[in-house]
Amino acid sequence: MRNNKALISLAVALLLILPLALNAAAQPQLKVQFYFPHYFNPTFKAQTNEQVIISGGYKGRGSNYGAVYVTNTGNQELKNLQLEVCVPKQDGFEVLRPPRGGKTSPDKACFTVTINSLKPGQTYRASFKVKVPTTYTQKIVEFKVTIKDAQGNVIFQQTYRRPFVPTPFYIYLVLLVVTLIILGIMFYLISKGKLYGKSFKTKDIIYTTIFAILLVAWVQIIGRMLGFFALTNRVPIPFVNYALGDIGYATIFVLGVLLVRKPGVATLMLLIYDIVSELLFYGLDPRWWLYPLAEGIPVDLYLAFANKVFAKKYATETGVVMLKGWIGYIDAAIIGGLRALFAWLSLYYVFYPYLSHFYTTTYVVFMHTGTITIFNMIYGALIAYPLYRVLVDIIP
């Protein structure tokens with residue numbers, strides 16, 4: 001009796017499940033990925049954090065790019081799929097540019113595009129551009145993605161929620177205040193003899209300026225105009241290819257710091273580089289002047305501390321500390337690594353969100369910052385320091 005009841009229950013269950021299974025088997029198998037914003041960088045692949053939209057769009061230009069990736073995970077070719085994406089029109093968003101071959105609705109709230117053929121395992125990428133308005137309050141906005149088959153049946157539909165936030169000025173303000181406080185404390189401790197630093201002489205300012213101009217020449221002329229950066233970017237190793245392009249910048253910076261070796265040299269060199277670059281290539285923007293302080297002060301603070309530790313053994317008659325041997329190699333590596341570490345952390349977490357209006361994925365931040373910091377340490381120890389040992393006996 002019990003066996004009969006069990007068989008009956010099993011049969012009923014199969015009758016209930018079978019139609020669902022058949023219906024699922026008949027449905028096209030799709031994997032859909034929606035990204036907005038979606039800043040695509042060939043070095044870092046997808047760089048932007050797709051979970052946060054910052055007021056004003058990318059670099060404050062009033063727009064952002066997005067993308068939908070549709071992958072056929074089934075065993076049959078799919079034809080004439082209709083992809084539709086609707087943006088939060090009620091919050092001020094509008095479709096500015098649909099994917100190639102796509103059409104925008106009259107009210108610019110949606111776009112549609114036909115995926116003519118999608119073979120098993122194939123991925124279709126629909127890139128689009130959307131107007132991003134200004135907001136002064138944080139809110140959640142919604143994007144809707146719908147896919148229909150050739151007969152007009154909906155086979156996929158999902159709503160994607162995204163935080164829409166004001167530009168994070170408070171992050172910039174906190175960095176500004178902290179930087180100025182640390183700078184003031186450092187020079188106060190130097191004046192009290194707790195840290196070690198000497199005043200700049202005319203030749204120190206000349207050396208610092210020369211190396212700042214060399215940094216400009218490396219980045220703007222050798223790197224960009226002559227194509228060195230484009231050449232290194234072709235190296236098929238993500239993140240490492242970008243770090244290879246930093247070989248000249250890191251070497252020049254560490255060499256200049258070692259030759260002067262007085263607290264303030266790193267910040268002054270980077271500030272001159274920043275202002276000259278703005279004057280000649282980018283246009284003046286005083287908001288970026290905090291950046292050389294953010295990456296230079298950690299190096300100067302390290303110099304004040306290291307000079308204090310090694311002053312008795314390595315200080316010259318003029319009061320400048322000249323480290324030698326294996327300590328010199330480690331010292332040069334630290335100088336190179338500190339600048340790179342704070343340069344990219346401040347870019348990713350302060351300057352890009354506030355001035356360029358985008359956040360970066362944690363993976364890219366970790367991989368890029370870690371890789372370039374290690375390479376800058378190598379350049380400092382194995383290139384800049386040996387050059388310093390040669391030049392210190394030649395130049396006055």
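Residues numbered from 1 in each chain as written. Predicted model: local features only at pLDDT ≥ 70, side-chain atom pairs only at ≥ 80, totals over all residues. Heavy atoms only, no water.

Caption draft 1: Representation of the environment of Ser277 in the model. Here Ser277 lies in helix H7 (residues 265-282). Contact partners of Ser277, with chain neighbours within four places excluded, come to Val216, Gln220 and Tyr282. (Helix = DSSP H or I, 4+ residues; strand = E, 2+ residues; numbered from the N terminus. Contact = heavy atoms within 4.5 Å.)

Caption draft 2: Broad picture of the layout of surface pockets. Here the second largest pocket defines a volume of roughly 290 Å³. Around the second largest pocket, the lining is made up of 16 residues, and of these Lys203, Leu259, Thr318, Val320 and Pro396 lie nearest the centre. Breaking the lining of the second largest pocket down by element, the ones donating at least two residues are helix H3 (202-225) and helix H6 (247-260). Split into classes, the residues belonging to the lining of the second largest pocket amount to 10 nonpolar, two polar and four charged. (1 Å grid on protein atoms, 1.4 Å probe; cavity = no way out; pocket = protein on both sides within 12 Å on 5 of 7 lines; lining within 4 Å. Points joined across faces, edges and corners; volume = space filled by probe spheres on them. Nonpolar A, V, L, I, M, F, W, Y, C, P; charged D, E, K, R; others polar.)

Caption draft 3: Spotlight on the sheet that holds strand E7 (residues 94-97). In space, the four strands of this open sheet follow the order E1-E5-E10-E7, with antiparallel pairing throughout. Every other strand in the sheet has two partners, leaving strand E1 (30-35) and E7 as the edge strands with one partner each. Averaged over all adjacent pairs, the angle separating strand axes in this sheet is 30°, with direction ignored. One ladder, built from nine bridges, connects strand E5 (residues 63-72) with strand E10 (residues 123-131); its direction is antiparallel. Considered in E10, the bridge of Thr71 is made with Thr123. (Pairing = 2+ DSSP bridges. Axes fitted to C-alpha atoms, helices over the stretch in contact; angles between N-to-C directions.)

Caption draft 4: Inspection of H3 at higher detail. The first and last C-alpha atoms of H3 sit 32 Å apart over 24 residues, in line with the 34 Å expected at 1.5 Å per residue. Of all the bends in H3, the greatest, near 30°, is centred on Trp218. In this structure, the buried side of H3 is in contact with helix H4 (228-233), H6 and H7. Downstream of H3 by a residue or two, Gly227 has a phi angle that is positive, lying close to 85°. (Expected span 1.5 Å × (residues − 1). Bend = angle between axes of the 7 residues up to and from the residue.)

Caption draft 5: The pairing of strand E12 (residues 154-165), seen in detail. Where strand E4 (residues 53-54) lies against E12, two bridges are found, and the strand directions are parallel. The partner of Ile54 across the bridge, within E12, is Val165. Here 10 bridges tie strand E11 (residues 139-148) to E12, and the two strands are oriented antiparallel to one another. Looking across to E12, one finds that Ile147 is bridged to Phe156. In textbook terms, the turn of a hairpin is the stretch between consecutive antiparallel strands, and for E11 and E12 this stretch comprises five residues, one of which, Gly152, has a positive phi near 90°.

Caption draft 6: The packing of helix H2 (residues 169-191) against helix H8 (residues 290-314), seen in detail. Contact geometry of H2 with H8 gives a least axis separation of 10 Å together with a crossing angle of 30°. The orientation of H2 relative to H8 falls into the category roughly parallel. Crossing of H2 against H8: the hand is left-handed. Between H2 and H8, the residues in contact are Tyr172, Leu175, Leu176, Thr179, Ile182, Leu183, Met186 and Ile190 and Leu290, Leu293, Ala294, Ile297, Asp300, Leu301 and Ala304, respectively. (Parallel < 35°, antiparallel > 145°, perpendicular 65-115°, else oblique. Left-handed = near helix turned anticlockwise from the far one by under 90°.)

Caption draft 7: Layout of the sheet that holds strand E8 (residues 103-104). Within the open sheet, the six strands sit side by side as E4-E12-E11-E6-E9-E8. Their pairing is mixed. Bordering the open sheet on either side are E4 and E8, each of which pairs with just one other strand.

Caption draft 8: Molecular detail of the nonpolar core. Membership of the largest hydrophobic core comes to 34 residues, with the highest contact counts inside it found for Leu215, Phe253, Val257, Met269 and Ile335. Once residues within four sequence positions are removed from consideration, Val257 is found in contact with Val265, Ala266, Met269, Val299, Leu303 and Ile335. Residues Phe34, Leu78, Ile155 and Tyr160 belong to the second largest nonpolar core, which totals 30 residues. (Core = buried A, V, L, I, M, F, W, Y, C linked by side-chain atoms within 4.5 Å. Buried < 20%, exposed > 50% of the residue type's maximum accessible area, 1.4 Å probe, protein only.)

Caption draft 9: Quick peek at the packing of H3 against H6. Between H3 and H6, whose axes approach to 9 Å, the crossing angle comes to 180°. With respect to H6, the element H3 is oriented roughly antiparallel. Here Asp204, Tyr207, Thr208, Phe211, Leu214, Leu215, Trp218 and Val219 of H3 come into contact with H6, specifically with Ile247, Gly248, Tyr249, Ile252, Phe253, Leu255, Gly256, Leu259 and Val260. Of the residues assigned to the contact of H3 with H6, the class counts are 13 nonpolar, three polar and one charged.

Caption draft 10: Examining the side chain of Thr146 more closely. The topology assignment puts Thr146 in strand E11. With a relative accessible area of 4%, Thr146 lands in the buried category. One polar contact links Thr146 to Gln157, side chain to side chain, over a distance of 3.1 Å. In contact with Thr146, not counting residues within four places along its chain, are Gln82, Leu83, Glu84, Val154, Phe156 and Gln157. (Polar contact = N/O pair within 3.5 Å; in protein donor to acceptor, adjacent residues only side chain to side chain.)

Caption draft 11: Fine view of H7. The end-to-end C-alpha distance of H7, which contains 18 residues, comes to 24 Å, matching closely the 26 Å that a straight helix rising 1.5 Å per residue would cover. Those residues of H7 that fall on the buried side of the exposure criterion are Val265, Ala266, Thr267, Met269, Leu270, Ile272, Tyr273, Asp274, Val276, Ser277 and Glu278. Where H7 is buried, its residues meet H3, H6, H8 and helix H9 (325-356). The positive-phi residue at the C-terminal boundary of H7 is Gly283, with phi of around 95°.

Caption draft 12: Spotlight on empty space enclosed by the protein. All chains considered together, the criterion is met by one cavity of 30 Å³ or more. Along its surface, the largest cavity is lined by Leu258, Arg261, Val321, Met322, Leu323, Gly328, Asp331, Tyr385 and Tyr388. Put simply, the parts of the chain that give the lining of the largest cavity at least two residues each are H9 and helix H10 (362-391). Here the residues of the lining of the largest cavity sort into six nonpolar, one polar and two charged.

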